[in-house]
Amino acid sequence: MVGPTSGLPGSFAMERGETPEEERQSGRHVLPTSLESHSLKKSNWGFLFTGIIGGALVTVYAVATPFITPALRKVCLPFVPATSKQIENVVKMLQHRRGSLVDIGSGDGRIVIAAAKEGFPAVGYELNPWLVWYSRYRAWREGVHGSAKFYISDLWKVTFAQYSNVVVFGVPQMMLQLERKLELELEDGARVIACRFPFPHWTPDHTAGEGIDTVWAYDLNSFRGRKKRS
Ligand SMILES: C[S@@+](CC[C@H](N)C(=O)[O-])C[C@H]1O[C@@H](n2cnc3c(N)ncnc32)[C@H](O)[C@@H]1O
């Protein structure tokens, strides 16, 4: 309980049986209770404010870093989602196709989800964990989580040998290296679909769309046949 004299100068000294003069001489200065709780409240606000600012900075850093780091890699492949026309064109190229599908650098999962809706067991490999978690959520929300799977992986460390349909929306700087990788890994019956940027040496078997929505389909069978003949 706080006494009636609380907050008045000398009241603590008196409560302890000391005169204010004795307290001053002993060097024991005690803050009045109201002042003490006021400064405590102030320091609590200080802690809360620092915590909120610190938390916000950590969150911004954690969310932004995976989107910025692709720009710092040897091959800069940023997140640019496929347009709906581009997706339509990819789906066109999948008509009469069967087997599994992979999207290399799957972004927010839109190609994989569209393919899963067409009945393909579809997989996406993506470096950015936020995009992978978001893709999983989207697949679940759209009811295709059973056939649309997403993995946090570097595309250069994954083998695509097991896939019959490969989709990539890359950048020109990576297409030559990817062309070589896929040529070594894919089975004869596989089809590769490139969005927006074609492969530099392969000849496409089919093309759909125009401008930024263009997609090119390459059948490994015909590519290898042509190579043998020449
Ligand atoms: C142009 S976006 C295409 C996204 C998606 N395929 C689409 O069509 O909407 C390329 C994606 O590749 C991802 N990426 C970049 N480097 C990668 C790497 N080394 N391994 C896997 N994914 C990568 C990026 O984070 C980005 O989401």
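Presented here is an overview of the structure given in this document. (Residues numbered from 1 in each chain as written. Predicted model: local features only at pLDDT ≥ 70, side-chain atom pairs only at ≥ 80, totals over all residues.)

**Description of the sheet that holds strand β7 (residues 215-219)**
Here is step 1: If you walk across this open sheet you meet the 7 strands as β3-β2-β1-β4-β5-β7-β6, and the pairing is mixed. At either end of the open sheet lies a strand with only one pairing partner, and these are β3 (148-152) and β6 (206-208). For this sheet, the mean angle separating the axes of adjacent strands, direction not counted, is 20°.
Here is step 2: For β6 and β7, the ladder comprises 3 bridges, and the chain directions are antiparallel. Residue pairing in the sheet places Thr207 in a bridge with Trp216 of β7.
Here is step 3: Seen against the sheet, helix α6 (residues 129-141) touches β2 (122-126) and β3 and runs at an angle of roughly 165° to β3. (Pairing = 2+ DSSP bridges. Helix = DSSP H or I, 4+ residues; strand = E, 2+ residues; numbered from the N terminus. Axes fitted to C-alpha atoms, helices over the stretch in contact; angles between N-to-C directions. Contact = placed C-beta atoms within 7 Å.)

**Some words on the environment of Phe199**
Here is step 1: Mapped onto the fold, Phe199 is located in the loop between β5 (191-195) and β6.
Here is step 2: Those residues in contact with Phe199 that sit more than four places away from it in its chain are Met175, Glu179, Ala194 and Tyr218.

**What about the site of the ligand?**
Here is step 1: Around the ligand there are 21 residues in total, and Leu77, Ala82, Gly105, Gly107 and Leu155 lie nearest to it.
Here is step 2: Looking at the shell around the ligand, the elements with two or more residues in it are α5 (110-117) and β2.
Here is step 3: Partitioning the shell around the ligand into residue classes produces 13 nonpolar, 4 polar and 4 charged. (Near = placed C-beta within 6 Å. Nonpolar A, V, L, I, M, F, W, Y, C, P; charged D, E, K, R; others polar.)

**Focus: the nonpolar core**
Here is step 1: Grouped together as the largest cluster of nonpolar side chains are 48 residues, with contacts concentrated most on Val90, Val112, Ala115, Ala116, Val166, Ile193 and Cys195.
Here is step 2: It is α5 that contributes the most residues to this core, 6 residues altogether.
Here is step 3: Setting aside chain neighbours within four positions, we find Val112 in contact with Asp103, Ser106, Ala122, Val123, Gly124, Ser135, Ala148 and Phe150. (Core = buried A, V, L, I, M, F, W, Y, C linked by C-beta atoms within 7 Å. Buried ≥ 20, exposed ≤ 12 C-beta atoms within 10 Å, placed from the backbone.)

**Topic: the pairing of β3**
Working note: regular strand, side chains alternate between the two faces of the sheet.
Here is step 1: Two elements, β2 and β3, share 5 bridges in a ladder whose sense is parallel. Bridge pairing links Glu126 to Ile152 in β3.
Here is step 2: On the question of chirality, the crossover connecting β2 to the parallel β3 by way of α6 is right-handed. (Right-handed = clockwise from strand over helix to strand, strands pointing away.)

The analysis is restricted to geometry; functional conclusions fall outside its scope.
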